[in-house]
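# Examination of the molecular architecture
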Amino acid sequence: MTNDCYLALGSNIGDREYYLRQAVCKLRQHKSLDPVRLSSIYETEPVGVTGQPAFLNMVLHLKTELTPGKVLETTQSIEQGLDRVRHERWGPRTIDLDILLYNDENIKMNELYIPHPRMHERAFVLIPLNEIAAAQYVSNYKQTIQELTDQLSGREKEGVRLWRKCSGRGGFGLFEN
Ligand code: X6L
Ligand code: MG
Ligand code: MG
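So, here's what we can say about the structure. Fair warning: this is a prediction, and the values are worked out from it, not measured in the lab.

### Regarding the coordination of the magnesium ion (ligand 2)
Listed as protein donors to the magnesium ion (ligand 2) are D96 (OD) and D98 (OD); their distances from the metal cover 2.1 Å. The metal-metal distance between the magnesium ion (ligand 2) and the magnesium ion (ligand 3) is 3.7 Å, with D96 serving as a donor to both.

### Structural notes on the side chain of T94
Mapped onto the elements, T94 comes out in the loop between helix 2 (68–81) and strand 5 (96–102). There is a polar contact of 2.7 Å between the side chain of T94 and the backbone oxygen of L82.

### Considering the pattern of salt bridges
All chains considered together, the criterion is met by ten salt bridges. The partner of E45 in a salt bridge is R155, with the nearest N and O atoms 3.9 Å apart. Linking E45 in the loop between strand 3 (41–44) and strand 4 (55–64) with R155 in helix 5 (residues 154–158), this pair joins segments that are 110 residues apart in sequence. Of the charged contacts, one joins R84 and E79 as a salt bridge, the two residues approaching to 3.3 Å between their closest N and O atoms. Here the two residues R84 and E79 agree in accessibility, since each one is buried. One continuous salt-bridge network, built from bridges that share partners, spans E79, R84, R93 and D96.

### Section: unusual backbone geometry
Most peptide bonds take the trans form, and the phi angle of most residues other than glycine is negative. Of note, the bond from I114 into P115 is cis; its omega dihedral lies within 30 degrees of zero at -5°. Topologically, P115 is positioned in the loop between strand 7 (112–114) and helix 3 (123–133). The backbone of N103 shows a phi angle near 45°, a positive value even though the residue is not glycine. Of note, N103 is situated in the loop between strand 5 and strand 6 (107–109). The backbone of N110 shows a phi angle near 50°, a positive value even though the residue is not glycine. Its location among the elements puts N110 in the loop between strand 6 and strand 7. The exposed category is assigned to N110, whose relative accessible area is 70%.

### As for the packing of aromatic side chains
Any two aromatic rings considered together are summarised by their centre-to-centre distance and by the angle between their planes. For the structure on display, the rule yields one aromatic pair. Each ring, one from Y18 and one from Y19, has its centre 5.4 Å from the other, and the planes form 75°; the classification is edge-to-face. For Y18, a relative accessible area of 40% translates into the label partly exposed. On the basis of relative accessible area, Y19 is assigned to the buried category, the value being 12%.

### Here we look at the pairing of strand 4
By the criterion of burial, strand 4 is predominantly enclosed, with nine of the ten residues buried. In this sheet, strand 4 lies alongside strand 1 (residues 3–11) in antiparallel orientation, the contact comprising nine bridges. The residue bridging L9 from the neighbouring strand is M58, located in strand 4. One ladder, built from five bridges, connects strand 2 (residues 33–38) with strand 4; its direction is antiparallel. Considered in strand 4, the bridge of P35 is made with L62. Two elements, strand 3 and strand 4, share three bridges in a ladder whose sense is antiparallel. Counterpart to Y42 in the pairing with strand 4 is N57.

About the criteria used
Residues numbered from 1 in each chain as written. Chains lettered and ligands numbered in written order. Predicted model: local features only at pLDDT ≥ 70, side-chain atom pairs only at ≥ 80, totals over all residues. Heavy atoms only, no water. Donors = N, O, S within 2.8 Å, 3.2 Å for Na, K, Ca; no water. Helix = DSSP H or I, 4+ residues; strand = E, 2+ residues; numbered from the N terminus. Polar contact = N/O pair within 3.5 Å; in protein donor to acceptor, adjacent residues only side chain to side chain. Salt bridge = Lys/Arg side-chain N within 4 Å of Asp/Glu carboxyl O. Buried < 20%, exposed > 50% of the residue type's maximum accessible area, 1.4 Å probe, protein only. Phe/Tyr/Trp six-rings, centres within 6.5 Å; stacked < 30°, edge-to-face > 60°. Pairing = 2+ DSSP bridges.

Here it is as structure tokens:
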């Protein structure tokens, strides 16, 4: 598998951990995707729309043969298969799969923007990503993930709390199914 891709996962409805686990299993089942590294799971205060339930968020590193467009098709179909219903923008969801990085490419394709246009200011993305890819340089921000993480305010970091420590290849068995 030749390409490196990072995905952000989030859930704030129902059995949040179940949805994260199912999403990872479905990614694993795809012959052209290989999740090689998972972050821990964090419980995070909702950003953007307040008054919705807390999220569980995590990040993973995939090796893949798929183009960015095909990764997007796959993540959208996994969202559909896991009861994702689109109500209002930024509303609560069973599962959200966002593409953060694809190699060090800059991609603007219809609704697909890579690197993810707001990842550099989101503690719920950067803190888990920093666990598995601190040294990764993001060319359009001209900074590493570690540097972007260090720039978060104390207030932003407080909204992201370690919920289940399970980083590594198998997530310590958590995502074996
Ligand atoms: C002003 C206006 C400042 C809007 C920020 C930020 C909007 C993030 C949407 C914003 C603004 C978002 C998650 C979340 C969402 C998640 C946590 C979004 C889309 N997804 N909060 N809020 N985790 N903690 O996965 O990211 S909605
Ligand atoms: Mg999102
Ligand atoms: Mg999304």
